[in-house]
Amino acid sequence: QVQLVDSGGGSVQVGGSLRLACVASERTFNNYIVAWFRQAPGKEREFVAAISRGVPPAYADSVKGRFTISRDNGKNTAYLQMNSLKPEDTAVYYCAADRAAYSTYSGDYDYWGQGTQVTVSS
């Protein structure tokens with residue numbers, strides 16, 4: 001089974017940018033659907049973005065136009081470029097992957113990274 005390692009989180013000011021990375025253990029990572037979710041304290045885990053072959057990336061309304069999901073299959077890595085960050089983007093961000101589910105529901109994903117903290121201060 002694939003193992004995912006998230007990185008790239010940190011503390012930034014409002015309007016700043018961060019790029020998260022998700023490195024997979026398998027060379028067949030290109031066969032997986034990849035998504036990013038986030039969870040703020042006291043809140044449920046929520047969908048952020050997803051990417052799959054042959055279809056346009058999907059984004060939560062709250063991040064459209066600010067975040068970009070991408071992948072480099074040669075490096076077994078997915079990315080989440082986050083621009084124009086807001087305090088409400090503060091959360092632990094998780095990479096998720098699945099062979100079949102192109103979904104906004106976290107329960108549809110079988111494989112998860114450990115999470116990386118993003119803190120946006122005003």
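Each remark here, short or long, concerns the structure printed above.
Residues numbered from 1 in each chain as written. Predicted model: local features only at pLDDT ≥ 70, side-chain atom pairs only at ≥ 80, totals over all residues. Heavy atoms only, no water.

Can you walk me through the state of the cysteines in this structure?
Taken as a whole and assessed by the stated rule, the structure comprises one disulfide. For Cys22, the disulfide goes to Cys95, at an S-S distance of 2.1 Å. The sign of the -70° torsion about the S-S bond sets the Cys22-Cys95 disulfide as left-handed. Here Cys95 lies in strand S9 (residues 91–98) and Cys22 lies in strand S3 (residues 18–24), a separation of 73 residues in the sequence. Here Cys22 matches Cys95 in class, with each residue buried. (Disulfide = S-S within 2.5 Å. Helix = DSSP H or I, 4+ residues; strand = E, 2+ residues; numbered from the N terminus. Buried < 20%, exposed > 50% of the residue type's maximum accessible area, 1.4 Å probe, protein only.)

Is there a simple way to think about the side chain of Ser103 in this case?
Checked against the element boundaries, Ser103 lands in the loop between S9 and strand S10 (111–112). Of the polar contacts made by the side chain of Ser103, one reaches the backbone nitrogen of Tyr105; its length is 2.9 Å. Within polar-contact distance, the side chain of Ser103 engages the side chain of Asp108 at 2.7 Å. Setting aside anything within four residues of it in sequence, one finds Ser103 in contact with Phe37, Phe47, Asp108 and Tyr109. (Polar contact = N/O pair within 3.5 Å; in protein donor to acceptor, adjacent residues only side chain to side chain. Contact = heavy atoms within 4.5 Å.)

Can you help me understand the packing of aromatic side chains in this one?
Each pair of aromatic rings is reported with the distance of its centres and the angle of its planes. The full count for this structure, using the stated rule, is six aromatic pairs. Measuring from ring centre to ring centre gives 5.5 Å for Phe37 and Tyr109, while their planes differ by 70°; the resulting arrangement is edge-to-face. You can see Phe37 sitting in strand S4 (residues 33–39) and its partner Tyr109 sitting in the loop between S9 and S10, a full 72 residues away along the chain. You'll find Phe37 and Tyr109 in the same group, each marked buried. Measuring from centroid to centroid gives 6.4 Å for Tyr94 and Trp112, while their planes differ by 75°, and the two rings are edge-to-face. Here Trp112 lies in strand S10 and Tyr94 lies in strand S9, a separation of 18 residues in the sequence. Overall, the relative accessible area of 14% leaves Tyr94 in the buried class. A network of ring pairs unites the aromatic residues Phe37, Phe47, Tyr94, Tyr109 and Trp112 as a single cluster. Across from the ring centre of Trp112, 4.8 Å away, lies the NZ or CZ of Arg45, which sits over that ring. The aromatic ring of Phe29 is capped on one face by Arg71, whose charged end is 5.1 Å from the ring centroid. (Phe/Tyr/Trp six-rings, centres within 6.5 Å; stacked < 30°, edge-to-face > 60°. Lys NZ or Arg CZ within 6 Å of the ring centre and 35° of its normal.)

I'm lost on the nonpolar core in this one. Help?
Soluble, globular proteins show a tendency: their nonpolar side chains are buried together. If you look at the biggest cluster of nonpolar residues, it comprises 37 residues, and the most contacted ones within it are Leu4, Trp36, Leu80, Met82 and Tyr93. Secondary-structure elements contributing two or more residues to this core are S3, S4, strand S5 (46–52), strand S7 (67–72), strand S8 (77–82), S9 and strand S11 (116–121). What Leu4 contacts, discounting residues up to four positions off in sequence, is Cys22, Val23, Ala24, Phe29, Cys95, Ala96, Ala97, Tyr111, Trp112, Gly113 and Gln114. (Core = buried A, V, L, I, M, F, W, Y, C linked by side-chain atoms within 4.5 Å.)

What is the right way to read the pairing of S9 from this model?
Side chains on a regular strand alternate between the two faces of the sheet. S9 sits mainly inside the fold: seven of its eight residues count as buried. Judged from the three bridges that link them, S9 and S11 form a sheet pairing that is antiparallel. Its bridge partner lying in S11, Ala91 is registered against Val118. With two bridges joining them, S9 and S10 adopt antiparallel strand pairing. Looking at the pairing, Ala96 lines up with Trp112 of S10. (Pairing = 2+ DSSP bridges.)

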